[in-house]
Amino acid sequence: MTRKKVKFSHTKWLLPLWILLIGSIVLYMIAHAVQQNDSRHIRTLAELNAVTYGDNMIADLNAGINITDTLEQLLISTDGRIDKFDIIADRMMADYVRSIQVAPGGIVTDIYPAEGNEAGKIDLIHDKYRGETVNYSIANDVLIIHGPFELEQGGHVLSIRNPVFLQDEKGTPYFWGMTMVIIKVPDIFQHSADALTNFGYQYRLSKTISPLTDEYTVVDQSEETLMDPVSYDFTLGGCSWKLEVMPTGGWKNGTLLQLIVLCGIAVILLLVVLTISILFVDEQRKKVPQTLSDGFYDRSLKS
């Protein structure tokens, strides 16, 4: 007698494929959500660091501004005289300062140190490159951080020019001249830039050369190109500044994403293998009663 062959249902064997497909979709959604949330967290942290180190750079630049303010107060207290300028300037020198200058009537007469800076004794008001900005500073009585400029001997500097107004016998303000500090960049904020780099960030610091232009010029930047950086904008010395920051490794936490994907794939494969095993065991279980029944039927016929 011909035995009946058990017909296996092919439909249920699609279950592992469904588990693989649905698991992959769920894994993608989880990985995408985690990535988006992690990117937002990284970006928020970068924004906070941009503000923190931007404020540090403002403090660094204010140290240079304070030198011009100190000279201004000295001029006010002495009715426009500075005795022993070299001694006073020497005590205010710092590693980031290239020179300290005074310009009565807008003409630079004293520079410390004098050696190597002889070419700096110029008429600022009528100078071809500086005159427009200097006259703006005087007309608006505003301190200006002009630059950056590249020196012929190498390096870049910013010029801090502070217009000084005194009062005549009638109490009427009049323009006395300017107190000036030439500062080296990025030396003046080098420790802030180094801290950003050591903390795992790339950066770019830009500013408008003067209040008379909206075009930004790079003051200092790290080696790598920035991609979609966060920025901190501030105004100082009559100019607009922008500090742009991004993580060195980019905005994605690759390690976390890889861990989630690998764990997800492992779980999905485990479920697929487990499902196939259960289906296989179920098929074997169905075969056992049929085999026993056929054997019993054959023995009955023989007897």
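Residues numbered from 1 in each chain as written. Predicted model: local features only at pLDDT ≥ 70, side-chain atom pairs only at ≥ 80, totals over all residues. Heavy atoms only, no water.

Draft legend 1. Layout of the overall build of the protein. Broken down by element type, the protein carries 5 helices and 9 strands. In the protein, the succession of α and β elements from N to C terminus is α-α-β-β-α-β-β-β-α-β-β-β-β-α. Just so you have it, the protein exposes about 18,400 Å², and 58% of that area is on carbon and sulfur atoms. (Helix = DSSP H or I, 4+ residues; strand = E, 2+ residues; numbered from the N terminus. Areas by Shrake-Rupley, 256 points an atom, 1.4 Å probe, with all protein chains shown as cover.)

Draft legend 2. Representation of unusual backbone geometry. Cis geometry marks the peptide bond from tyrosine 112 to proline 113; its omega dihedral reads -5°. Among the secondary structure elements, proline 113 is positioned in the loop between strand 2 (110–112) and helix 3 (131–140). The amide bond that connects glycine 147 to the next residue, proline 148, takes the cis arrangement and shows omega of 20°. Mapped onto the elements, proline 148 comes out in strand 3 (residues 144–150). Positive phi values are uncommon outside glycine, yet aspartate 79 reaches one of about 55°.

Draft legend 3. Spotlight on the sheet that holds strand 1 (residues 97–104). Reading across from one edge, 2-1-5-4-3 is the order of the 5 strands in this open sheet, with antiparallel pairing throughout. What marks the edges here is a single partner per strand, and that holds for strand 2 and strand 3. Across the sheet, the axes of successive neighbouring strands diverge by a mean angle of 20°, strand direction being ignored. Sitting on the sheet, helix 1 (residues 15–77) is in contact with strand 1, strand 3, strand 4 (156–167) and strand 5 (173–185), with an inclination near 30° to strand 4. Across the sheet, helix 2 (residues 85–92) touches strand 1 and strand 2, and the angle it forms with strand 2 is around 40°. (Pairing = 2+ DSSP bridges. Axes fitted to C-alpha atoms, helices over the stretch in contact; angles between N-to-C directions. Contact = heavy atoms within 4.5 Å.)

Draft legend 4. A look at the packing of aromatic side chains. Applying the stated criterion to the full structure yields 4 aromatic pairs. The rings of Tyr232, Phe234 and Trp241 are connected pair by pair, giving a single aromatic cluster. Residue placement shows arginine 43 over the ring face of tryptophan 251; its charged tip is 4.6 Å from the ring centre. Across from the ring centre of tryptophan 241, 5.3 Å away, lies the NZ or CZ of lysine 207, which sits over that ring. (Phe/Tyr/Trp six-rings, centres within 6.5 Å; stacked < 30°, edge-to-face > 60°. Lys NZ or Arg CZ within 6 Å of the ring centre and 35° of its normal.)

Draft legend 5. Main features of helix 4 (residues 190–198). Along helix 4, the residues classified as buried are Ser192, Ala193 and Leu196. Summarising the axial view, the buried residues of helix 4 lie within an arc of 100°, below the 170-degree limit, and thus occupy one face. Opposite its buried face, helix 4 presents the exposed residues His191 and Asn198, each directed more than 90 degrees away. Here the buried face of helix 4 lies against helix 1, strand 6 (201–208), strand 7 (216–221) and strand 9 (239–247). Following helix 4 by one or two positions, glycine 200 has its phi on the positive side, about 95°. (Buried < 20%, exposed > 50% of the residue type's maximum accessible area, 1.4 Å probe, protein only. Arc of directions from axis to C-beta.)

Draft legend 6. Region of interest: the nonpolar core. Residues Ile100 and Trp241 are the most contacted members of the largest nonpolar core, which totals 48 residues. Examining the composition of this core, we find that 11 residues originate from one element, helix 1, more than from any other. Counting residues in hydrophobic clusters, the runner-up holds 9 residues, among them Val108, Leu124, Ile138 and Met178. (Core = buried A, V, L, I, M, F, W, Y, C linked by side-chain atoms within 4.5 Å.)

Draft legend 7. Seen up close, the pattern of salt bridges. Going through the model one piece at a time under the given rule, you end up with 3 salt bridges. A salt bridge links aspartate 228 to arginine 43, with the shortest nitrogen-to-oxygen separation between them at 3.3 Å. Of this pair, aspartate 228 sits in the loop between strand 7 and strand 8 (230–236) while arginine 43 is found in helix 1, placing the two residues 185 residues apart along the sequence. For aspartate 228, a relative accessible area of 53% corresponds to the exposed category. Classification of arginine 43 by relative accessible area gives partly exposed; the value is 24%. Between glutamate 244 and arginine 204 there is a salt bridge, with its nearest N and O atoms 2.8 Å apart. With glutamate 244 in strand 9 and arginine 204 in strand 6, this residue pair connects regions lying 40 residues apart in the sequence. (Salt bridge = Lys/Arg side-chain N within 4 Å of Asp/Glu carboxyl O.)

Draft legend 8. Local environment of the side chain of threonine 179. Along the polypeptide, threonine 179 turns up in strand 5. Excluding its chain neighbours within four sequence positions, the residues that come into contact with threonine 179 are Thr68, Leu71, Glu72, Leu75, Gln101, Val102, Ile160, Arg161, Asn162 and Val164.

Draft legend 9. Region of interest: helix 3. All of the buried residues in helix 3 are Gly131, Thr133, Val134, Ser137 and Ile138. Projected onto a plane normal to the axis of helix 3, the buried residues spread over an arc of 165° and lie on a single side. Summarising the geometry of helix 3, the exposed residues directed more than 90 degrees from the buried face are Glu132 and Ala139. Buried-residue contacts for helix 3 involve strand 3, strand 4 and strand 5. Within two residues after helix 3, aspartate 141 carries a phi angle of roughly 50°, on the positive side.

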